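Here's the letter readout for the chains.
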Amino acid sequence: MRVLVTGASGFTGGHLAQSLARRGYSVRALVREPRRVAELAACGVELVAGRLEDHGVLAAATLDIDVVFHIAAVYREAGLPPETYRAVNATAVGALIEAAARNGVARVVHCSTVGVHGDIEHPPATEDAPLRPGDLYQETKLEGERLAREVGSRTGVQVVIVRPTGIYGPGDRRLLKLFRGVIRRRLPILGRGEIYYHLTHIDDLVEGFLLCGMQPAAAGRTYILAGGEVTTLNELTRLIAEIAGVRPPSIHLPVWPFWVAGALCEAACAPLGVEPPIYRRRVDFFTKSRAFDISRARSELGFAPQVSLRDGIARTLEWYRTNGWL
C-alpha cells in the first residue's frame, strides 16, 4: 500500500507518517521544509518539498499513491489574512483531490475538526449535530469538508472525513499551557469549570486514521474520532494535578471581564500582526462544552480507543518534563 501524508512536519501528520512507515507501508510525505523532518527520512519516508497551493507539487506528490491522508492545515496564527486560511483549509483540499483523481488515487482521508460543530448544546454530539463553526479556522475547515465531498463525488475518489477532538500526547505543545498552568498553580478557571472536555490521544487517533484509510465501509462517511473518556474541565485539571503531585486549581473567576479584554486585545493586535496576550478563543476554552459520541466509528470501523486518559496524561507529562517544557 502506497500512502501520502500531507502536513507530516506537524504533530499529527508526523506521528501518522512514522507509524505507517513502521508498519511497512510505502510512505511519502508532503512537507514545506524537509530539513525540519529528518526523523521522517530516517524512518524510510520519502519527502516531497512544496506547498499545498502549488498544483504542480500536488500532481507530483499524488503520483503512484493509493491512499492520501490529508492532515495539513493552517491552524490559528496571528496576523494571517482570511485568504490564507481559505486557500489552505478549503481551496487546496479540492485541488488535492482533483490531483489525486488524475493520478488514480482510490481514497482521500481528510482531517477536519469537531470545531465545525461549535458549542455543543446537547452533549454528547454525533456527526449529525448542527454545524456552527465559531471562528475563521473552523469556518474554512467546514468549507474544506464541503469541497472534499463535492470533488470526490464528481471525480469518483472515495472521500472520508475525520473530525478529531482535542489531540494530545508526547510531542504535542498545544496543551502545554494547560499542563504548565496546573503544575505551576497559575491556572485560574474562568466560570464554574463544569463544561465538558474531550481529548484524543495521538496513538488512538493514528489507529482511527488507519481504519478510515483501509476499511471499505468508510468510503463516503464522516467520523468523529475521540478518546473513550469525557471529563469536565474541573475533573481534567484535577487529574493532571493528581498525576503531577500538586494541588488542583481552586480559583474560579468570572468570564465576562476576560472576554471583553480578549476582544479589545484582538482589535489592538490584529493590525500589527502580533499574537494578543489574551483573546476570546482562549476564553472559549472555559465556556464551550466539547463532548462527543464515537458510536459510528466504533460500529462501522471497529475503532476502539486503547489509551486511558490517566495513562495518556502521564505519558504526556513525562514527555514535557523530559524535554524541559515544564
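Conventions we followed
Residues numbered from 1 in each chain as written. Predicted model: local features only at pLDDT ≥ 70, side-chain atom pairs only at ≥ 80, totals over all residues. Heavy atoms only, no water. Salt bridge = Lys/Arg side-chain N within 4 Å of Asp/Glu carboxyl O. Helix = DSSP H or I, 4+ residues; strand = E, 2+ residues; numbered from the N terminus. Buried < 20%, exposed > 50% of the residue type's maximum accessible area, 1.4 Å probe, protein only. Pairing = 2+ DSSP bridges. Axes fitted to C-alpha atoms, helices over the stretch in contact; angles between N-to-C directions. Contact = heavy atoms within 4.5 Å. Core = buried A, V, L, I, M, F, W, Y, C linked by side-chain atoms within 4.5 Å. Patch = residues over 30% accessible without salt bridge, like charges linked within 9 Å, V, L, I, M, F, W, Y side chains within 5 Å. Areas by Shrake-Rupley, 256 points an atom, 1.4 Å probe, with all protein chains shown as cover.

A. The arrangement of the pattern of salt bridges in detail. Using the criterion set out here, one finds 16 salt bridges in the structure. Linking Arg 296 and Asp 128 is a salt bridge whose minimum nitrogen-to-oxygen distance equals 3.5 Å. Of the two residues, Arg 296 sits in helix α11 (residues 295-301) while Asp 128 sits in the loop between β5 (107-111) and α5 (136-155), which places them 168 residues apart along the sequence. Taking the relative accessible area as the measure of exposure, Arg 296 reaches 16% and is therefore buried. The exposed category is assigned to Asp 128, whose relative accessible area is 65%. One salt bridge connects Arg 315 with Asp 311, and the closest N-O pair in it is separated by 2.9 Å. Pair noted here: Arg 315 and Asp 311 are both in helix α12 (residues 309-322), with a separation of four residues, about one helical turn. For Asp 311, a relative accessible area of 32% gives the class partly exposed. Each of the salt bridges in this network shares a partner with another, and the network as a whole consists of Glu 127, Asp 128 and Arg 296.

B. Examining the sheet that holds strand β9 (residues 196-201) more closely. Strand order in the open sheet made by the three strands is β7-β9-β11, with mixed pairing throughout. The strands lining the two open edges of the sheet, one partner per strand, are β7 (166-168) and β11 (230-232). Here the strands of the sheet are splayed against their neighbours by 45 degrees on average, with no regard to which way each runs. Examined bridge by bridge, β9 and β11 share three bridges and lie antiparallel to one another. Bridge pairing in β11 links Tyr 197 to Thr 231. Contacting β7 and β9, helix α7 (residues 202-214) crosses the sheet at an angle of about 70 degrees to β9. Its contacts with the sheet place α12 against β7, β9 and β11, and it is angled at close to 55 degrees to β7.

C. How the structure looks around the nonpolar core. Ranked by size, the top nonpolar core spans 42 residues in total, and within it Val 5, Phe 69 and Phe 209 carry the most contacts. A total of six residues in this core trace back to one element, the largest contributor, which is α7. Ignoring any residue separated from it by four or fewer positions in sequence, one finds Val 5 in contact with Gly 13, Leu 16, Ala 17, Leu 20, Val 27, Arg 28, Ala 29, Leu 30, Phe 69 and Ile 71. Counting 28 residues, the second-largest nonpolar core is a separate cluster that includes Val 74, Ala 95, Ala 99 and Val 159.

D. Spotlight on the pairing of β9. Of all six residues making up β9, five are buried, and the element is well covered by its neighbours. Two elements, β7 and β9, share three bridges in a ladder whose sense is parallel. Among the inter-strand pairings, Tyr 168 is bridged to a residue of β9, identified as His 201.

E. A nonpolar patch on the surface, seen in detail. On the surface, Trp 256, Trp 259, Val 260 and Leu 264 cluster together to form a nonpolar patch covering roughly 480 Å² of accessible area. Relative to the helices and strands, Trp 256 is located in helix α9 (residues 256-269).

All quantities given are derived from atomic positions and should not be read as evidence of function.
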